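Chains, contacts and geometry: an overview
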Amino acid sequence: MSTFGKLFRVTTFGESHCASVGAIIDGCPPGLQLSAADIQVQMDRRRPGQSDLTTPRNEKDAVQLQSGLELGVTLGTPIALLVRNEDQRPHDYSETDLYPRPSHADFTYLEKYGVKASSGGGRSSARETVGRVAAGAIAERYLKIAHGVEIVAFVSSVGKIHIPVSAASVGADDENDDAPEPLSEEFRTLLATVSREDVDKHPTRCPHLATAERMKKRIIRAKAAMDSIGGTVTCVIRNLPSGLGEPVFDKFEALLAHAMLSIPATKGFELGSGFRGAEVPGSLHNDAFVRRADGGLGTASNWSGGVQGGITNGEDVYFRVGFKPPATISQAQATAQYDGTPGSLAARGRHDPCVVPRAVPIVEAMAALVAMDLLMIQKSRQAAAALLPPITTLPPTMVMPPRVKGEAA
Ligand SMILES: Cc1cc2nc3c(=O)[nH]c(=O)nc-3n(C[C@H](O)[C@H](O)[C@H](O)COP(=O)(O)O)c2cc1C
């Protein structure tokens, strides 16, 4: 269906070439100061036509707040967010009347519904993500004000060009699996410090500038060859409270994976050390506990990616999402028409040669929606528990010991 979340419920609507796209949020807390400008920042980072690395389709994507707030303050009632589609050119896609685009959603939508949008990808198009980004910006604003949460995503690879040391280990079978660590210290420092300003310094949205230039050339090469190329986006969520995530089916990382793999063109998800963590022994991978300055427990390393048992532990949550090369390419491809007649499709129209620079704010938005919903669920549980008298009948080993403040270990 088109709804995501339990307490912070977001429903998106619209197709690539209809009158408008957007979202309705049900469950946003009342009292949040909010303006269209707060949302527009992320809309501008997602919109097409930002650089010669993205589709030239020109949409301003100006967001209009239709309901749910007055005098710049949310009322707790449904918030409707609307963006009018301006640059509509349905005839761009006329070949696809005959041919389902290989690896796009034309065939599967028709198989499923028996009808399909006359042009473009309909609801499978990245146009649908307008509503998610708008809703995510509101979730993010609440998280920032209430808990100082920061969410930063960036492009970590394009094709085979990776930010150094973020790449999966290469090499065939190797008995010597004691080293190296799944991610280098340099990459971990980047995760701990990178800001959106750093990310936006380069049109690729890769904050490692030497790598960014190589990525740019790779995307331009794909475009010149009337081809496309894939990549990965890495995202970090900082200052997230511990205790978020619902055992057993709605674990934090399970909902994160659900959210990320709902973004068009995604092919993979990994949390923390991810698949690289599967290559090292436990003695290297375990995150030993240490006392933090506030007396709480932290971990010396963070291969878990801030989540254990599906519940956040207060460390940074970080994860990586893999995006395929966009399916619509102008290079002629041997394929078949809807009726099975063999032929060749050279798709016309304006398309992204690589989606990852534009996917960055979408990943941030979906991360915010997951964190917001799980925060509201945990807060409602804690608020209900707080109405009960203090626990006095359990042995001390069954409750959290008092915090000893002082020097962090
Ligand atoms: C930001 C963004 C931009 C995209 N732009 C295009 C595009 O220009 N052309 C295209 O064929 N696919 C594009 N896609 C991907 C398609 O929407 C997606 O591949 C298609 O709906 C099929 O779904 P699937 O890849 O998830 O199976 C884009 C995806 C994102 C996230």
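You'll find the structure just up there.
Residues numbered from 1 in each chain as written. Predicted model: local features only at pLDDT ≥ 70, side-chain atom pairs only at ≥ 80, totals over all residues. Heavy atoms only, no water.

Observations concerning the overall build of the protein chain
Our working rule: Helix and strand assignments follow DSSP, with helices taken as H or I runs no shorter than four residues and strands as E runs no shorter than two, numbered in order from the N terminus. Computation of the radius of gyration draws on C-alpha atoms alone. For the globule rule, the value is 2.2 Å times the number of residues to the power 0.38. The contact criterion used throughout is that any non-hydrogen atoms of two residues lie within 4.5 Å. Using the Shrake-Rupley algorithm and a 1.4 Å probe, accessible areas are obtained, with residue cover drawn only from the displayed protein chains. Think of it this way: Lys and Arg go in the positive column, Asp and Glu in the negative one, and His and the chain ends go nowhere. To locate a charge, take NZ of a lysine, CZ of an arginine, CG of an aspartate or CD of a glutamate.
Secondary structure assignment for the protein chain yields ten helices and 18 strands. For 409 residues, the compact-globule estimate of 2.2 N^0.38 gives 22 Å, and the protein chain sits close to it at 23 Å. The principal-axis extents of the C-alpha atoms in the protein chain amount to approximately 75 × 60 × 40 Å. Considering only intrachain contacts with a sequence separation of at least 6, the fraction spanning at least 24 residues in the protein chain is 73%. Surface accessibility of the protein chain: about 19,700 Å² in total, with carbon and sulfur atoms responsible for 57%. The average position of the 43 basic charges and that of the 45 acidic charges among the side chains of the protein chain differ by 4 Å.

Quick notes on the sheet that holds strand β1 (residues 3-4)
As a reminder of what qualifies: Criterion used throughout: strands pair if DSSP finds at least two bridges between them.
Spatial ordering of the open sheet is given by β1-β2-β3-β7-β4, a layout of five strands whose pairing is antiparallel. A single partner strand is all that each edge strand has here, and the edge strands are β1 and β4 (64-65). Here six bridges tie strand β3 (residues 20-26) to strand β7 (residues 79-84), and the two strands are oriented antiparallel to one another. Directly across from Val21, in β7, lies its bridge partner Val83.

Points about the sheet that holds strand β10 (residues 231-238)
Here is the rule: In this analysis an axis means a line fitted to C-alpha atoms, helices contributing only their contacting stretch, and an angle means the value between N-to-C directions, from 0 to 180 degrees.
With antiparallel pairing, the five strands of this open sheet are ordered in space as β9-β8-β10-β16-β11. The strands lining the two open edges of the sheet, one partner per strand, are β9 (161-162) and β11 (266-271). Sheet topology note: the β10/strand β16 (residues 317-323) ladder contains seven bridges and is antiparallel. Along β16, the bridge assignment pairs Val233 with Val321. Each of β8 (150-158) and β9 touches helix α6 (residues 209-224); the most contacted strand, β8, lies at about 60 degrees to it.

As for a nonpolar patch on the surface
Which entries qualify depends on this criterion: The residues that make up patches have over 30% relative accessible area and no salt bridge, and they are joined within 9 Å when like-charged or within 5 Å when they are Val, Leu, Ile, Met, Phe, Trp or Tyr. Each salt bridge in this description consists of a side-chain nitrogen of Lys or Arg and a carboxyl oxygen of Asp or Glu lying within 4 Å of one another.
Together, Ile391, Leu394, Met398 and Val399 line one region of the surface with nonpolar side chains, adding up to about 380 Å² of accessible area. Considering the arrangement of structural elements, one finds Ile391 in the segment after α10 (356-385).

Considering the packing of helix α7 (residues 252-261) against α10
Counted only if it meets this: Left-handed describes a crossing in which the near helix is turned anticlockwise from the far one by less than a right angle; the clockwise case is right-handed. By the convention adopted, Pro, Cys, Tyr, Trp, Phe, Met, Ile, Leu, Val and Ala count as nonpolar, Lys, Arg, Asp and Glu as charged, and the other residues, Gly among them, as polar.
Packing of α7 against α10 brings their axes to within 9 Å, and their N-to-C directions diverge by 145 degrees. Crossing angle aside, the handedness with which α7 passes α10 is right-handed. Residues Phe252, Leu255, Leu256, Ala259 and Met260 of α7 lie in contact with α10, whose contacting residues are Val363, Met366, Ala367, Val370, Ala371 and Leu374. In the contact of α7 with α10, the residues fall into eleven nonpolar, no polar and no charged.

Details of the packing of aromatic side chains
Inclusion rule: Stacked, edge-to-face and tilted are the three classes for Phe, Tyr and Trp ring pairs, Trp counted by its six-membered ring, which pair at centre distances within 6.5 Å; planes under 30 degrees apart are stacked, over 60 edge-to-face, the rest tilted. Here, a charge over a ring is recorded when the distance from Lys NZ or Arg CZ to the ring centre is within 6 Å and its angle to the ring normal is within 35 degrees.
Evaluation of the coordinates by the stated rule reveals three aromatic pairs. Sitting above the plane of the Tyr113 ring, Lys112 keeps its charged end 5.9 Å from the centroid.

Quick notes on the side chain of Glu270
Stated formally: The definition of a polar contact used here is a pair of N or O atoms within 3.5 Å, where within protein one atom must be able to donate a hydrogen and the other to accept one, and adjacent residues in sequence count solely through side-chain atom pairs.
Mapped onto the secondary structure, Glu270 falls in strand β11. Here the side chain of Glu270 touches Arg276 through a polar contact of 2.6 Å, side chain to side chain. Side chain to side chain, Glu270 and Arg320 meet in a polar contact 2.7 Å long.

Overview of the nonpolar core
Here is a general trend for soluble globular proteins: nonpolar side chains tend to be buried in one another's company. Basically, it comes down to this: To qualify as a nonpolar core, a set must consist of buried Ala, Val, Leu, Ile, Met, Phe, Trp, Tyr and Cys residues joined through side-chain atoms within 4.5 Å. Think of it in three bands: with a 1.4 Å probe and only protein chains considered, a residue is buried below 20% of the maximum accessible area for its type, exposed above 50%, and partly exposed in between.
If you look at the biggest cluster of nonpolar residues, it comprises 87 residues, and the most contacted ones within it are Phe8, Leu81, Ile138, Phe252, Met260 and Phe319. Examining the composition of this core, we find that 17 residues originate from one element, α10, more than from any other. In this view, Phe319 contacts Val233, Thr234, Cys235, Ile237, Leu256, Met260, Phe269, Glu270, Leu271, Gly272, Val363 and Ala367; residues no more than four positions away in its chain are not counted.

Section: unusual backbone geometry
Geometrically, the link from Pro247 to Val248 is a cis peptide bond, its omega value of 5 degrees lying close to zero. For Asp61, which is not glycine, the phi dihedral falls at a positive 55 degrees. The residue Asp61 is located in the loop between α1 (36-46) and β4 in this model. Residue classification places Asp61 among the buried positions, given a relative accessible area of 0%. Positive phi is not limited to glycine here, since Arg205 has a value of about 65 degrees. In this structure, Arg205 sits in the loop between α5 (196-199) and α6. Taking relative accessible area as the criterion, Arg205 reaches 7% and is therefore assigned buried.

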